[in-house]
Structures are given as structure tokens and as C-alpha cells.
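The residues making up each chain are set out below.
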Amino acid sequence: MPRYEPTICPYCSCGCGIYVVIEDGTVIGQEPWAEHPVNEGGNCPKGRNPYQFLYAEDRLKTPLIRKDGKLVKSTWEEAFELITEKLKAAEPNEFGIIASGKNTNEDAYTIQKFARVVMGTNNVEYCGRLCHSSTAAGLGPTVGSGVMPVSQIDLETADCFLLVGINPKETFPMMAKRIMRAKEKGARVILVDPRDTVTARELADIHLQLKIGTDVALINSMMKIVLDEGLENKEFIKERTTGIEELRKHLASLDLEDLGDISKVPLDLIREAAQCLAKAKTASVLYNQGLNQHTTGADGIKALASLALITGQYGRPATGLSPTRGQINGEGSGDMGCLNVFYPGFKKVGTGAAETFEDLWKVEGLPREPGLTYTKLVDQTKYLWIIGTNPMMAIPDTDNVKKALQEKELLVVQDIFPTETAELADVILPAATWIERTGTHAYVDRRVQKITKLIDPPGEAKPDWWIVTQIAERMGHKEHFDFSSPEDVLKEIRRCVPTYKGITYERLDKTPGGIQWPCPSEEHPGTSTFFTEKFNTPDGLGHLQVVDYKPPAEVPDDEYPYYLTTGRSIFHYHTGTMTRRTPKLDDEIAAGYCQINPQDAVAERITTGSNIVLRTRRGSIQVEARVTDDVPEGVIFLPFHFSESSANKITNPVLDPACGMPEYKVCAVEVEVIE
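Residues numbered from 1 in each chain as written. Predicted model: local features only at pLDDT ≥ 70, side-chain atom pairs only at ≥ 80, totals over all residues. Heavy atoms only, no water.

Things to note about the overall build of the protein
Next, step 1: Within the protein, the regular secondary structure consists of 24 helices and 30 strands.
Next, step 2: Radius of gyration (C-alpha) of the protein: 24 Å, near the 26 Å computed for a compact globule of 675 residues.
Next, step 3: Each of the three principal axes of the protein carries a C-alpha extent, and together these read 70 × 65 × 55 Å.
Next, step 4: In the protein, which comprises 675 residues, the proportion classed as buried is 66%.
Next, step 5: Nonlocal contacts in the protein, meaning residues at least 24 apart in sequence, comprise 73% of its contacts between residues at least 6 apart.
Next, step 6: In the structure as shown, the protein presents an accessible area of about 24,200 Å², 47% of it carried by carbon and sulfur atoms.
Next, step 7: The distance from the centre of the 74 positive side-chain charges to the centre of the 95 negative ones in the protein is 3 Å. (Helix = DSSP H or I, 4+ residues; strand = E, 2+ residues; numbered from the N terminus. Rg over C-alpha atoms; globule rule 2.2 N^0.38 Å. Buried < 20%, exposed > 50% of the residue type's maximum accessible area, 1.4 Å probe, protein only. Contact = heavy atoms within 4.5 Å. Areas by Shrake-Rupley, 256 points an atom, 1.4 Å probe, with all protein chains shown as cover. Lys, Arg positive; Asp, Glu negative; His and termini not counted. Charge placed at Lys NZ, Arg CZ, Asp CG, Glu CD.)

Structural data, given as C-alpha cells:
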């Protein structure tokens, strides 16, 4: 008889509840979970098709070792022996480990602990570096924390939304549902996006369709209008911020006409948006990769946070800047310390964190210097362990990424499929995923939920935390990794990370929708709204930031006359590892494509369906064209899910100096029609 088991969707960070239908140990269907508070029974296309990838023919089921140039089946013991032998020869600065936003908290915690305790290095990162490192660099100096400060459930209480570089109708449909509810009650939506997305067409009341890469100029325009017209929240500024005079002086030196010429947005439209935000009772500011993934991403976030601060839109339900992390555990892997500059609980390297964790872990000599960032781990280490992430699709300029990975003394890839990265590995370790193992995740709004093991993993696949623990034991650290279950790991997390102290498996089993950290005790209900009385800065104040506009690192010229920008589709997820193995999703969009404006298409003699070459200074790809007004003249949009037309083969690897974020969202490209 089929049984219906509650769980959480394996895709984005909303954390929507679903029921999976299981018969004879196999998932055979999905049903809505109407009582789950996040999605109330609604699901996007991915949430309605969450399990088929589990049964793809190429699931990894046994360890593989490269012998005579070929990957061949092996055993766990042989794989562990090879890895251990190699890693014992590695110096701390030669080793790196990269985790995933799909790891559980328990997985992520053991991964970062392995780097620090066993290998003696802070060379640990996860894919958050490529998504929201600019959030930490931008919000840290302004409000002291880079997390979503409110509950996503409260968003529908806002009467104004400012959406910057985010397309929630496609990337966060359940969050978009909350915005739609607010609109039904009179809320207005301001969208900042260079494309005419479905969000622009169906949600936005005001669409600020800016020139790519000019976010700072646009936000400075809005702040200048707010201050020039006396619309700022003077009481909030006086009581809860610092730096207003410096900001006022800087904005006074700027000319609105000049800023408008940069952003290409009409000033009357900017003024309407600024007034709407400033006059709102409860304004919610949500942003995503369209703002983050620039060499000036951190600057854009500093400016946006300053705009929210001067309008008093912080410290109440639904207010503040909300970074919308994309991965199921995009928040939690950071919470657990899978970052080169943070120990668990965001204890910053160099501020006594090593000493604190030496005491907590009963060890000596923990690393005190920052480690390498994600892209530098790929470039500069000799021994690299990659867990659940796919840099061969995720990092710009992948021809050079491939060369760096092929030169490793040891490349270990731990995953559920033979990804483009796994194909280069010396050792592949098969991992369990989703409902094949038990663990917790922290979703977009710090909402910790538990996923319980409901089925067995295929073949010999194992949970990530178990694999890491086994290697740590063979490296001589059994006493520091004495975990027999994921619950043992969570118990240590609760002891070492105060914000998780009150979160237990027992409580989560009884709490549909989970518990939002910080949760300092088992009696505490969790915290839905941050910054109600003070910010997380040393003085408790919001620090207004002076930021100047800087152009993108690469702009069109005679040789490469178009802007290239990248993004997502509602039917696919990141590098396509899961969705492209889900027939119902892959059938919707089975191959890569690019969007080109009709005027540009005429100039280049392109029609929908034309095969074209996109060429940048890094290389070229072939892709099918779609002619559409969704993109403005001079812009090519390219989804990044498709390996056969991999966007990141041609994107620009230049980094934001503040955080190491690659500039995925803008580079210069040439278009050529294949006759």
C-alpha cells in the first residue's frame, strides 16, 4: 500500500512542504501539503516534480577510482585508503574543500570541521561565494548581518515592494504568491531589472528598466530624491543610524540628470518609485543575483541598505533588505562555517574565533588566517575535495577551470551524479541526497526544517557527514568526529552555535514550517524579525554608506558590440544536475537558448530558431536564438543551466574586490549566425 510522508521540496530556499507517495521503498508521486505554512499546498513546477531525478540511470552507486586514465568501480575502503594517503602528504595551504548549498547543516558542519581540525586550514568554501558573498560584504558594514531579517510569511503584510535584480515569478514562485496577495490589498511593486520579465509584466506597477550594471547610479538617484524632497524618516535616522551627514553631502554633489543618463531610466519614473518607497508604511526590499553578481555587487547592496535605512524600512515585520538565497541550504551551509572567513555561527576568523573553537572542540592550533575563496581554491590548491557542487558549470571561464582541475595532485568529487566536474576526478564518492538521509536545512528566512530519511540511497551511496567522518577517523581524528548519527552532529552544533541552541529534532518533528533562528533555548519560539531594537553592528546602529557608481569591468565595443547577461528559467535549477534528469521539467526546455531583441535580430539577420555563435574574450558557444522584446536592444540573455551551451564558458571571471564574486551578469559578446 502506498504511504504519504511529509517532507520539504529539494529545490530552492523557500522550504515548501510536500507529501511524497512511497510504495515498496520507491517514491511514486507527490501531493500537496496544504497545512504547511510556507506554501499552503501550492508548488512551482519543480516542487510538483521533485523526485524523478532520484532514479536517473546515471546515479552514482559505488565509489570510482581513476586507474590508467579511466574511472573504474572500487570499494569504500580502497577509496578511503587512497584519499587518506594523499591527504597526509598535503600541507594545510595546499588543501581545499568546497561544500554545497544542498548539504544538510549536519553535513556542512562536519565538512568545515574537517578542514580546520584535520587539515589545519580555513580553505573551506561553498557555493554561497558565487551567489551571496556580496550580501555579506554589503550588509555586514551597514546592518551587521547578511541574513533575511524577516519571515517570508509576513511579506504579504507589506504595502510596497522594491524588487532589485530578482524575478520571483520564475525563481521564487511561492514568494511571488505572497507579493500577489499584498497587491490584492493595495500594495505597489517597484521592479529594478534590465529585462522585461514575467515579474515585470505580471507584478510590477513601476518597472525601472535600467541599463545593465548601473544599479548604484539608480539607487543613488532614489536616495537623492528622498533627501532633496524631505521624505526621509528623520526620527529613525536620528535614533537608529549614523553617517547621514556624509551621505547627504555625497548625494548633494551628484546631479540627477547625470545619474539618469547613466541608468537610462526616466527621472520622473525614478521619482515616482522613490516617493512610493518613502511614503510606504511597510516596505519590503528583496534582491537577488541581478544585484549581487557584479564587480560592484557589494557596493550595490550597501547603497540599497542605505536607501532602506533612510526611509525607516527596517526592524518591523516584512521590512528591511531580504537577500533571497537560491539553494535549499544556502543559508545553513554559511551558518555552519563553510566560509573561508567564518567559523560556525559567523564567528569571524581573526577575532578570537579559533580560540573559541579550540575550547569547544578540545583541539589546539586551529587556523587563524583567512583561507582562499571558492575560485582561488580551484585555481591554487593541489588537493581539492568538492562536495555537491559543480564548478565546471558554475565558475566563469570554464576552459581555465578545467585546466586547473586537471592539474590537481588529488581531485575528489562527492556527488549524486557524474557531473562535468566529476568526470575530471581522481576519486568519485557516491552520496545520498534529500530523503535518502536525515538532516536539517536553514531556508531563506533562517527557517530551520528537518528532512527525515524516507527511502534508502541507491547501491552503496552514503550521507555526506558519514563519508567525511570516516576519512577524519582514518586521518587520526576519531575523537573529534565521534558521530554515529546526524542527530549527534546537531547536538554538537547546538553546543557550538548559540543561535541553534534551542533547535532539536524532536521540536522540528512537531513544528511544521520549522523554527527561525536565533533560538537560544528549547522554550524559545524562534525569531521571525531581526533588528527590532538595534542592528548587529558593534554600536547597534545602521551605518549609512557612501558609494560611487563604477561601470562594469567589461562593456561592449566594436569587436564585441552586445551586453551578455545570464540567469535562470522556472523549469530548471542552477547547473541542471537534477532538473535535466527530471523528464517533465527537461521536456519543457530541453536545450539551451538565448534571447535577443527584435531590432538586434534584424540587424544580425537572426530569426527565432536560428543557430548562432556567442563569442566573448573567453571563448564561444553555439545556441538557438529566441527573438523577443523581453530583452532591450543591445542585450543578449543566456540561461546557465545547459552544459552543451554552457554560459560560464564565456562569462567574465573578474571578481568583486570586496568579496570575490564573479561578474556573471555582464560582459561583452559578439553574435554570429551559423548559415
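Some remarks on the side chain of T296
Next, step 1: Relative to the assigned elements, T296 resides in the loop between helix 13 (289-292) and helix 14 (297-310).
Next, step 2: For T296, the contacting residues outside a window of four places in its chain are K550 and D656.

Observations regarding the sheet that holds strand 12 (residues 283-287)
Next, step 1: Pairing is parallel in the open sheet, where five strands are placed in the order 10-9-8-12-13. Each edge of the open sheet is held by one strand with a lone partner, namely strand 10 (206-208) and strand 13 (320-323). The average angle at which neighbouring strand axes cross in this sheet is 20 degrees, direction not considered.
Next, step 2: Where strand 8 (residues 160-164) and strand 9 (residues 188-192) come together, five bridges link them in parallel fashion. Within strand 9, the residue paired with L162 across the bridge is I190. (Pairing = 2+ DSSP bridges. Axes fitted to C-alpha atoms, helices over the stretch in contact; angles between N-to-C directions.)

Quick notes on the sheet that holds strand 30 (residues 667-673)
Next, step 1: Taken together, six strands build a closed barrel; the order of strands is 23-27-24-26-25-30 and the barrel is mixed. Each strand axis lies, on average, 45 degrees off the axis of its neighbour in the sheet, ignoring direction.
Next, step 2: Of the strand pairs in this sheet, strand 23 (residues 562-567) and strand 30 are connected by three bridges, and their pairing is antiparallel. The residue bridging Y562 from the neighbouring strand is V669, located in strand 30.

Quick look at the state of the cysteines
Next, step 1: Evaluation of the coordinates by the stated rule reveals zero disulfides.
Next, step 2: No disulfide involves C14; its sulfur sits 3.8 Å from that of C12, the nearest cysteine.
Next, step 3: Here C338 stays unpaired: no disulfide links it, and the sulfur of C127, its closest cysteine neighbor, is 9.7 Å away.
Next, step 4: Since its relative accessible area comes to 0%, C338 is described here as buried. (Disulfide = S-S within 2.5 Å.)

Considering the pairing of strand 5 (residues 70-73)
In regular strands, side chains alternate between the two faces of the sheet.
Next, step 1: Two elements, strand 4 (residues 64-67) and strand 5, share four bridges in a ladder whose sense is antiparallel. From the neighbouring strand, L64 faces strand 5, where its bridge partner is K73.
Next, step 2: Hairpin connection between strand 4 and strand 5: a loop of two residues separates the two successive antiparallel strands, and D68 in this loop has a positive phi of roughly 55 degrees.

Some remarks on the environment of I515
Next, step 1: Tracing the sequence through the fold places I515 in strand 21 (residues 515-516).
Next, step 2: Considering only alpha carbons, one finds I515 and L585, 70 residues apart in sequence, at a separation of 31 Å.

A few points about the packing of helix 16 (residues 353-361) against helix 21 (residues 486-496)
Helix-helix packing: each pair is described by the crossing angle between the helix axes and the interaxial distance.
Next, step 1: With their axes 11 Å apart at the nearest point, helix 16 and helix 21 run at an angle of 135 degrees to one another. Our classification of the angle between helix 16 and helix 21 gives oblique. As for the relative orientation of helix 16 and helix 21, their crossing is right-handed in sense. Across the interface between the two elements, F357, L360 and W361 from helix 16 touch E492, R495 and C496 from helix 21.
Next, step 2: Taken together, the residues of the contact of helix 16 with helix 21 sort by class into four nonpolar, no polar and two charged. (Parallel < 35°, antiparallel > 145°, perpendicular 65-115°, else oblique. Left-handed = near helix turned anticlockwise from the far one by under 90°. Nonpolar A, V, L, I, M, F, W, Y, C, P; charged D, E, K, R; others polar.)

Side note on helix 19 (residues 398-406)
Next, step 1: All of the buried residues along helix 19 are T398, V401, A404 and L405. Along the long axis of helix 19, the arc covered by the buried residues comes to 110 degrees, so they all point the same way.
Next, step 2: Those residues of helix 19 that are buried are in contact with helix 17 (374-380), strand 16 (383-387), helix 18 (391-394) and strand 17 (410-415). (Arc of directions from axis to C-beta.)

As for the nonpolar core
Next, step 1: Ranked by internal contacts, the top residues of the largest apolar core, which has 143 residues, are F114, L304, Y314, L321, W361 and W385.
Next, step 2: Ranked by residue count, the leading element in this core is helix 14, at nine residues.
Next, step 3: Among all residues touching W385, those that are not within four sequence positions of it are F95, G96, I97, I98, F114, V412, Q414, L429, I467, V468 and I471.
Next, step 4: Among the nonpolar cores identified, the runner-up in size contains 26 residues, and C14, M148, I166 and V189 belong to it. (Core = buried A, V, L, I, M, F, W, Y, C linked by side-chain atoms within 4.5 Å.)

Thoughts on the environment of A308
Next, step 1: Tracing the sequence through the fold places A308 in helix 14.
Next, step 2: For A308, a relative accessible area of 1% gives the class buried.
Next, step 3: Each C-alpha atom, one on A308 and one on C9, is 32 Å from the other, the two residues being 299 residues apart in sequence.
Next, step 4: Ignoring sequence-local partners within four residues, the contact set of A308 consists of Q313, Y314 and L321.

Thoughts on the side chain of N105
Next, step 1: Mapped onto the elements of the fold, N105 is located in helix 3 (residues 105-118).
Next, step 2: At a separation of 3.2 Å, a polar atom in the side chain of N105 contacts the side chain of N329.
Next, step 3: If sequence neighbours within four positions are ignored, N105 has contacts with N329, G332, S333, M336, T440, H441, A442, V448, I493 and Y500. (Polar contact = N/O pair within 3.5 Å; in protein donor to acceptor, adjacent residues only side chain to side chain.)

Observations concerning the packing of aromatic side chains
Next, step 1: On inspection of all chains with the given rule, the structure shows 22 aromatic pairs.
Next, step 2: On the numbers, 6.1 Å between centres and 50 degrees between planes, the contact of F80 with W466 is tilted. With F80 in helix 2 (residues 76-88) and W466 in helix 20 (residues 464-474), this residue pair connects regions lying 386 residues apart in the sequence.
Next, step 3: Here F80 falls in the buried class, since its relative accessible area comes to 1%.
Next, step 4: We classify W466 as partly exposed; its relative accessible area is 23%. (Phe/Tyr/Trp six-rings, centres within 6.5 Å; stacked < 30°, edge-to-face > 60°.)

Structural notes on the domain arrangement of the protein
Next, step 1: Per the domain assignment, the segments of the protein are domain 1 (3-50), domain 2 (64-129 + 331-436 + 458-497), domain 3 (149-324) and domain 4 (562-673).
Next, step 2: Of the residues lining the interface, 12 residues belong to domain 1; the matching set on domain 3 comes to 11 residues.
Next, step 3: Taking both partners together, domain 1 and domain 3 bury about 830 Å²; carbon and sulfur atoms supply 56% of that area.
Next, step 4: Counting the surface domain 1 buries against domain 3, the share from its top three residues, C14, V38 and E40, is 47%.
Next, step 5: If you look at where domain 1 meets domain 3, you find one salt bridge.
Next, step 6: Here E40 makes a salt bridge to R181, at a shortest N to O gap of 2.5 Å.
Next, step 7: Joining domain 1 to domain 3, the criterion identifies four residue pairs in polar contact (both at pLDDT 80 or more). (Domains from an automatic or database assignment. Buried area = accessible area lost by both parts, 1.4 Å probe. Salt bridge = Lys/Arg side-chain N within 4 Å of Asp/Glu carboxyl O.)

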